[in-house]
Amino acid sequence: MDNSGSSSHPYGYPNPNSNSNSNPYAYAYPPYPYPYPPPHPNPHPPHGPIDPYAPPPSTTPYSSYGSSYPQNSSHSFNYSNSYPPPNSLEFPNPQQTHAYPYPYPYQTPPIVSQSQSENPPHSSPYPPLNHLMSNVHLSDYNKPSAPHIMTHSYSVSNEEKKEEFHGHSSHHSFSGFDDSNKLSAFSGSFDDSVHSQSLQIVPVQNKGSLRFLLLHGNLDIWIHGAKNLPNMDMFHNTLGNMFGKFPGNASSKVEGTRSSKITSDPYVSISVSNAVVGRTFVISNSENPVWEQHFHVPVAHHAAEVHFVVKDSDVVGSQLIGIVAIPVEQIFSGGKVQGTYPILNNNGKPCKPGAVLSVSIQYIPMEKLIIYHQGVGTGPEYIGVPGTYFPLRKGGAVTLYQDAHVPDGCLPNVMLDHGRYYAHGQCWIDIFEAIRQAKRLVYITGWSVWHKVRLVRDAGNVHAAGFTLGDLLRSKSQEGVRVLLLVWDDPTSRSILGYNTDGVMATHDEETRRFFKHSSVQVLLCPRIAGKRHSWAKQKEVGTIYTHHQKTVIVDADAGNNRRKIVAFVGGLDLCDGRYDTPNHPIFRTLHTLHKDDYHNPTFAGTTSGCPREPWHDLHSKIDGPAAYDVLTNFEERWLRAAKPRGIKKLKSSYDDALLKIERIPDIISVSETPSVGDDNPEAWHVQIFRSIDSNSVKGFPKEPRDGSKKNLVCGKNVLIDMSIHTAYVKAIRAAQHYIYIENQYFIGSSYNWSHNKDIGANNLIPMEIALKIAEKIKANERFAVYIVIPMWPEGVPTGAATQRILFWQNKTMQMMYETVYKALVEVGLETAFSPQDYLNFFCLGNRETVDMHESSIASGTPPPPNTPQANTRNNRRFMIYVHSKGMIVDDEYVILGSANINQRSMEGTRDTEIAMGAYQPQYTWARKQSYPRGQVHGYRMSLWAEHTGTIEDCFLQPESLECMRRVRTMSEMNWKQFSSNDVTEMRGHLLKYPVEVDRKGKVRSLPGHEEFPDVGGKIVGSFIAIQENLTI
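The rules behind each value
Residues numbered from 1 in each chain as written. Predicted model: local features only at pLDDT ≥ 70, side-chain atom pairs only at ≥ 80, totals over all residues. Heavy atoms only, no water. Helix = DSSP H or I, 4+ residues; strand = E, 2+ residues; numbered from the N terminus. Buried < 20%, exposed > 50% of the residue type's maximum accessible area, 1.4 Å probe, protein only. Areas by Shrake-Rupley, 256 points an atom, 1.4 Å probe, with all protein chains shown as cover. Expected span 1.5 Å × (residues − 1). UniProt positions renumbered as here; feature names shortened; annotations may be inferred. Axes fitted to C-alpha atoms, helices over the stretch in contact; angles between N-to-C directions. Parallel < 35°, antiparallel > 145°, perpendicular 65-115°, else oblique. Left-handed = near helix turned anticlockwise from the far one by under 90°. Contact = heavy atoms within 4.5 Å. Nonpolar A, V, L, I, M, F, W, Y, C, P; charged D, E, K, R; others polar. Core = buried A, V, L, I, M, F, W, Y, C linked by side-chain atoms within 4.5 Å. Domains from an automatic or database assignment.

Colleague: Honestly, the overall build of the chain in this entry has me stumped. Any pointers?
Modeller: Within the chain one finds 18 helices and 35 strands. Classification of the 1033 residues of the chain by burial places 63% in the buried group. Carbon and sulfur atoms provide 52% of the accessible area of the chain, an area that totals close to 38200 Å².

Quick look at the structure:
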């Protein structure tokens, strides 16, 4: 093939302008609806010299995988402050031992009359927030002035639709309050559900016009205490007086005393743009509660006020006591605002004479948060993601996987720095071998674990291919290995008196439990349950809707010198049916070979004879080093909670929790003994474990919510929460400097900034943070690119109510992001030169196969009825590739992957339980190299792109470039045309443009002529169908 580029590049990529290939679906630069922009007066600055691949000594790594694609007006009003001034009641103002305990340093304006008090010492082995970065210097910063933006007449209603938040809290004890206040760890039973919240009206005050300003940074908040709160439990108190003795809440006992008065159980929620971002613990039976709770809250919200909503926790829900509202204009300049404020009721009047709340609040904008200014930091002082349960662990090793299996030679070689090549891992083979070689323990967690699944299916490995997972685990348990399975208990699957039901989700949980029943393999089916202090309705919601979603395999492995060590696998792959796949993602050709006993396609109802399987794309990892012990800790905390005897089982005199005490096994090295790989080693990794989980699912969280901050936990409704996965995503996005690449099963969030449906409660910050990152780079005249790969539709029937509702929320999320990008372009006058899709693009994956001469007959069995999804997909020989991945790569230097989706279920911490890892190689960061890193993270991203596009091109080396963004988009558009065509042709590239139209102003609409998914139907932009919101966000 004539290659005009071969003389200038060692890999001989085809010239982008070459049209010699006759393939009708070959990539070429199509005529854009707008011309390429002329050179800008201030062109985007280069990001440093390109570090080209050095040619290998005797071969061209990509030559066998060469490209078959030809190349290619605001208003300003005076604000009239009608807020009542702070009262003169004195609350103690705690003084930190250093300016800012959260590791996002900034310069603190001096506060007059602040009393001196020392923070109590921390005894936790994990670094508390207050001690992490006390000596970090700050960047220079000029205080921003409030921008001229449109103002609105503002009234607050439907406040706090969801009790969910994304801040960190800490507590410090100070003198000055009545010591008789009774603190309850989690007193009462209450539930701020969607329905109960929607009935509450927050006080409307006569404030005139309030200005909506963008808060993007962190809020540093203290909630000190309240005085003279009204008694919201008068009815309860009256009953008690009538009957002489009415049983109070046992948890109101403190130091052997019982409160003689039954009164309010207050707590405070912090709300911005109707999204709850923080919450205090509940204090039982107190009209003068003292919290002294400190919050560090990341915000990315357009808001006019910050609300402090005081509520009474009750058995059946929560009652609104009143509100304190602080105008954003008062905090926007960065100064600390503090005082004691009247608590106002629905009518805008004090809820009770003398009822006040003492708070302080300070806004720290992104410009002052220097931790975000250079991506992954360098040097020993870099602590990774701050404010998390598990610390950054240094000196480990990581293997990154794409799909369950990558056959040898399936993907091209990717050259890294120092003449190395990226090694493609083979996930399920590695898991099989790790289990086979275990001597002491095999611990597995899963949303689904199926004993019949075969991990190894290579023809060259006949012996291993004959083993099912169940056979392997039973064999190991017979050898004396402790084998424990912690599997989500699907409430719809049951085995009662020999009658078995598979369950709605078909997780095989009961089937797997029965298989191991008479073996030494211990299977613990773990229901997702709410705490006993939650209301009945909340318990039913959690148990029915939410799941245990973590996917880990933990084993002991050879550490040399007759010692053993812990190794862990973490990611998105469950060990069950439907997951085995390769980068080729066949849909018909393996139905009678690799997938003969493993057909999975939940899109179809009824006969599936000759129908395509659902291909499965996923991401996974192996962790070898200190962080693997944190994965083990997670398993142990969950097992101890799930195995805790309940009901009549408590009467047993002894209880064996089945967990090995590894500290008592001398041949297993401890986490402190794990051999450390030095930072000077190019293969060294630093790894951190993150979770979404609450104290209802683990044993070991502090019993007192006051102590939660010592382990960087936050307060929720009756629970302490580890929501460090959300923290990790926000930190990585904020620190990104060049590009973000995401693969995720869902992409829903930041509903508080949608044009409609703002109050559904999908309040995670991730989509808004990404949009603001792009906007920030546009305003700085710097290139930035975001690539997001999602499934064509959520798994299941695309016409179903739940699927359509998810697609509707997803469309709202896309719309909000594109509009934010367009507004940034308008602000700097670049809206005619660039399109929002020059910075942000959504993709999906699909495959199409022609009839293979060696393919077995597809007509076996009863053919499906005509004009059904089964018949259409069989005749058109196409199907989506299901993206089940849960990962993000930033700047070729940092990777997050695990079990967590980008939606509220996975990020909130009180819904689905999740686990993830974040990792980087210290030798391969922008801060260290001052150029493009070419380590394992780079190789992983390039390998994924090779899988999806069917090629590797020069521009892929600079993913933030306009050339790369437009090239990848062009490829995806051509692939979509091939996928959606009436002509059946073989597809080489699988990356498809997500089938919606985005115009130059960022409006997202149905793609003309493709309003529904090919073959299977269902509106691509979704439908607003009434269904339980918590199920779909």
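Having seen the structure, we can now continue with the description.
Colleague: I would appreciate a short explanation of helix H11 (residues 766–779) in the present structure.
Modeller: Each full turn of the α-helix corresponds to 3.6 residues, which orients residues three or four apart in the same direction. With 14 residues, H11 should reach 20 Å at 1.5 Å per residue; the first-to-last C-alpha distance of 20 Å fits that figure. Among the 14 residues of H11, 12 are classified as buried, and the element is accordingly described as predominantly covered. Turning to H11, its buried residues number three or more, namely Ile766, Pro767, Met768, Glu769, Ile770, Ala771, Leu772, Lys773, Ile774, Ala775, Lys777 and Ile778. Phi for Asn781, located one or two positions after H11, is positive at around 60°.

Colleague: Explanation requested: the UniProt feature "domain: PLD phosphodiesterase" (unreviewed entry) in the chain in the structure shown.
Modeller: The positions UniProt marks with the feature "domain: PLD phosphodiesterase" (unreviewed entry) are residues 544–579 and 879–906. End-to-end, the C-alpha atoms of residues 879–906 are 27 Å apart, and along that stretch the chain is 11% helix and 50% strand.

Colleague: Just checking my understanding: could you explain the packing of H11 against helix H12 (residues 801–827) for this structure?
Modeller: The geometry of a pair of packed helices is captured by two quantities: the angle between their axes and the separation between those axes. With their axes 9 Å apart at the nearest point, H11 and H12 run at an angle of 15° to one another. On the basis of the axis angle, H11 is roughly parallel to H12. In this structure, H11 crosses over H12, and the sense of that crossing is right-handed. For the pair H11 and H12, contact is made by Pro767, Met768, Ile770, Ala771, Leu772, Ile774, Ala775, Ile778 and Lys779 and by Thr813, Met816, Met817, Thr820, Val821, Ala824, Leu825 and Glu827, respectively. When the residues that make up the contact of H11 with H12 are grouped by side-chain class, the tally is 13 nonpolar, 2 polar and 2 charged.

Colleague: I keep staring at the nonpolar core and nothing clicks. Help me out?
Modeller: Of all hydrophobic cores here, the largest spans 127 residues; its most connected members are Trp428, Leu473, Leu485, Phe842 and Tyr994. Take this core: its biggest share by element is 11 residues, from H12. Two domains share this core, each providing at least three of its residues, namely domain 2 (398–647 + 655–673) and domain 3 (737–853 + 864–892 + 931–1031). Core analysis: the next-biggest nonpolar cluster, separate from the first, contains 110 residues, Val310, Leu486, Ala919 and Ile952 among them.

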